[in-house]
There are 2 protein chains.
Amino acid sequence: MPKLGAEPIRKAALINAAIFEVGMAGSLDVTVAQIARRAGMSPALAHHYFGSKEKIFLAAMRYILRTYGQSVRDVLPGRGARGRLDGIVRASFAPQNFQRETVSAWLNFYALSFVNKDAGRLLRVYHQRLRSNLIVALRGLTDHPERTADTLGALIDGVYLRAVLTPGPTDAADAENTIMSYLEEALA
Amino acid sequence: MPKLGAEPIRKAALINAAIFEVGMAGSLDVTVAQIARRAGMSPALAHHYFGSKEKIFLAAMRYILRTYGQSVRDVLPGRGARGRLDGIVRASFAPQNFQRETVSAWLNFYALSFVNKDAGRLLRVYHQRLRSNLIVALRGLTDHPERTADTLGALIDGVYLRAVLTPGPTDAADAENTIMSYLEEALA
DNA sequence: CCTGTTCTTGATTGGTTAGTCAATTAACGT
DNA sequence: ACGTTAATTGACTAACCAATCAAGAACAGG
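Below: a short report on this structure. (Residues numbered from 1 in each chain as written. Chains lettered and ligands numbered in written order. Predicted model: local features only at pLDDT ≥ 70, side-chain atom pairs only at ≥ 80, totals over all residues. Heavy atoms only, no water.)

## Brief notes about the overall build of chain A
The number of helices and strands found in chain A is 10 helices and 0 strands. Overall, chain A shows an N-to-C arrangement of helices and strands of α-α-α-α-α-α-α-α-α-α. Each of the three principal axes of chain A carries a C-alpha extent, and together these read 60 × 35 × 30 Å. Put simply, chain A has 188 residues, and 51% of those count as buried. For chain A, long-range pairs separated by at least 24 residues make up 68% of all intrachain contacts whose partners lie at least 6 apart in sequence. (Helix = DSSP H or I, 4+ residues; strand = E, 2+ residues; numbered from the N terminus. Buried < 20%, exposed > 50% of the residue type's maximum accessible area, 1.4 Å probe, protein only. Contact = heavy atoms within 4.5 Å.)

## Quick look at the pattern of salt bridges
Per the counting criterion, the structure on display carries 14 salt bridges over all chains. For Arg82 of chain A, the salt bridge is made with Asp86 of chain A, and the minimal N-O distance between the two is 3.0 Å. Residue Arg82 of chain A and its partner Asp86 of chain A are both found in helix H5 (residues 81–92); the two are separated by 4 residues, about one turn of the helix. For Asp86 of chain A, a relative accessible area of 16% translates into the label buried. Between Glu21 of chain B and Arg38 of chain B there is a salt bridge, with its nearest N and O atoms 2.6 Å apart. Here Arg38 of chain B lies in helix H2 (residues 32–38) and Glu21 of chain B lies in helix H1 (residues 6–25), a separation of 17 residues in the sequence. (Salt bridge = Lys/Arg side-chain N within 4 Å of Asp/Glu carboxyl O.)

## Some details on the relation of the copies chain B and chain A
Once chain B is rotated about the relating axis by 180° and shifted along it by 0.0 Å, it coincides with chain A to within an RMSD of 0.1 Å. The transformation relating the two chain copies, once decomposed into turn and shift, fits a two-fold axis. Among all C-alpha atoms of chain B, that of Gly158 of chain B lies closest to the rotation axis, at 1.9 Å. Comparing interface residues between copies, 97% of those in chain B also lie at the interface in chain A; the contact surface is shared. (Least-squares fit on C-alpha atoms with pLDDT ≥ 70 in both.)

## Quick word on H5 of chain A
Here H5 of chain A spans 17 Å end to end across 12 residues, near enough to the 16 Å set by a 1.5 Å rise per residue. Lining the buried residues of H5 of chain A we find helix H4 (53–75), helix H6 (95–98), helix H8 (117–138), helix H9 (145–165) and helix H10 (172–186) of chain A. (Expected span 1.5 Å × (residues − 1).)

## Considering the interface of chain B and chain A
In this complex, chain B contributes 29 residues to the contact, which on the side of chain A involves 29 residues. Summed over both partners, the interface of chain B with chain A comes to about 2,500 Å²; 65% of that surface belongs to carbon and sulfur atoms. In terms of surface lost to chain A, no three residues of chain B exceed Phe114, Arg162 and Glu185 of chain B, which account for 27% of the buried area on that side. Counting every contact that joins chain B to chain A gives 4 salt bridges. Close ionic contact of Arg147 of chain A with Glu185 of chain B constitutes a salt bridge, the shortest N to O distance being 3.7 Å. (Buried area = accessible area lost by both parts, 1.4 Å probe.)

## Considerations on the packing of aromatic side chains
Where two aromatic rings form a pair, the distance of their centres and the angle of their planes describe that pair. Summed over the entire model, instances satisfying the criterion amount to 15 aromatic pairs over all chains. Summarising the aromatic geometry, the rings of Phe98 of chain A and Tyr160 of chain A are spaced 5.9 Å apart at their centres and angled 45° between planes, so their arrangement reads as tilted. Separated by 62 residues along the polypeptide, Phe98 of chain A in helix H6 and Tyr160 of chain A in helix H9 bring together distant segments of the chain. Tyr160 of chain A carries the same exposure label as Phe98 of chain A, and that label is buried. Ring centres of Trp106 of chain B and Tyr110 of chain B lie 5.5 Å apart, and the angle between their planes is 70°; on these two criteria the pair is classed as edge-to-face. Of the two residues, Trp106 of chain B and Tyr110 of chain B are both situated in helix H7 (residues 100–115); the distance of 4 residues between them amounts to about one turn of the helix. Given the relative accessible area of 4%, Trp106 of chain B is considered buried. Here the aromatic residues Tyr68, Trp106, Tyr110 and Tyr126 of chain A are joined through ring pairs into a cluster of three or more. (Phe/Tyr/Trp six-rings, centres within 6.5 Å; stacked < 30°, edge-to-face > 60°.)

## Re a positive patch on the surface
Residues and elements named next belong to chain A. Taken together, the side chains of Arg62, Arg66, Lys117, Arg121 and Arg124 define a basic patch exposed on the protein surface. At the level of secondary structure, the elements contributing two or more residues to the positive patch comprise H4 and H8. The dominant element in the positive patch, judged by the number of residues it contributes, is H8, at 3 residues. Tracing the chain through its elements places Arg124 in helix H8. (Patch = residues over 30% accessible without salt bridge, like charges linked within 9 Å, V, L, I, M, F, W, Y side chains within 5 Å. Areas by Shrake-Rupley, 256 points an atom, 1.4 Å probe, with all protein chains shown as cover. Lys, Arg positive; Asp, Glu negative; His and termini not counted. Charge placed at Lys NZ, Arg CZ, Asp CG, Glu CD.)

## A closer look at helix H3 (residues 43–50) of chain B
Residue and element names in this part refer to chain B. Taken together, the buried positions of H3 are occupied by Ala46, Tyr49 and Phe50. Each buried residue of H3 sits inside an arc of 80° when the element is viewed along its axis, so together they form one side. Exposed and oriented more than 90 degrees from the buried face of H3 are Ala44 and His48. Against H1, H2 and helix H4 (53–75) lie the buried residues of H3. Following H3 by one or two positions, Gly51 adopts a phi angle in the positive range, close to 90°. (Arc of directions from axis to C-beta.)

This is the structure:
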């Protein structure tokens, strides 16, 4: 039933399905058939629109990155250095970004950057942008913004990891608390 | 050439090879053939000694855990809470435990705990023991040892993640510095 | 020697999966 | 009506891989 203009809808469905399946499985070892079935279509159609499994993964990575970047941008124009800092942290644990499957998928995409050049580039851009945002926000709040930004970045990754590793629903409030407590100590 | 007593040697070689290959690939998606070739034997022999690929992975996990536990135990009888705390941290970044392939393999084994019950149990034991060791060491150094221990645990995981993600050789000194700086601030 | 045991592997099997292709269906413009 | 184009899939293939097995090779003890 060729209703025209299916492509963007199908692609979006596949990206969502890929994130869900990867997040669910906790591994990139999911088949195109799984993703396609979850997205309500045949594996052949998934290949038709994306060409390869890697390209599906890359699109999913870009999607997560774009979503996260948007939530940060939504909150950055807040006034004051401390306001921006809190904004970045809050964005990192906002519901859209802190769904278990999203976080799990994101961590698993880290692994993709080992074998795939484009994935590596995406990840580097993300890390660099986060670092730069944090440094700017930390200026004036501490004497060593670089060191604090690096520690904060690592801590966020670690909290992500633990959130995914812990069974049961992810607890965004708890995660955010851990980060905020650290900031209290670091900026005292 | 059946020189008697090959089993422990072969098993050790396979465990090392598995850690190396998983660490190298940044993924559990390595074949038994790869592992066996790296260990200098046929895939059939690997199956003969371990029975399945999962069992090789589990043995590798246990090996990493045992090695880490030993380095902690070697250092714990040091006197003073602060000495013990530093000891645990130092053990976490000791050369045997902080080789790129080892850390990478360890993080990838996290993923195994999603699908494999035994791997999940191993991981939980490790996390619980680390947490408990940290809490004991932190008692007397801070008013909220639990919170600090959890933050510290997450930070170590995050630093592991970043060390592996950063190209080039892993920098143990830098990693240890990050943790120590955090402790300065947290225990001030 | 000979016999049993350990060690070792080539060959094979059964199952899985990414990716291709030809054919079908249905909208759209003319 | 009709030809063009987008959407869609079933069937297929080529590759890969975990696991099995039967058989060979080498040593120890008697």
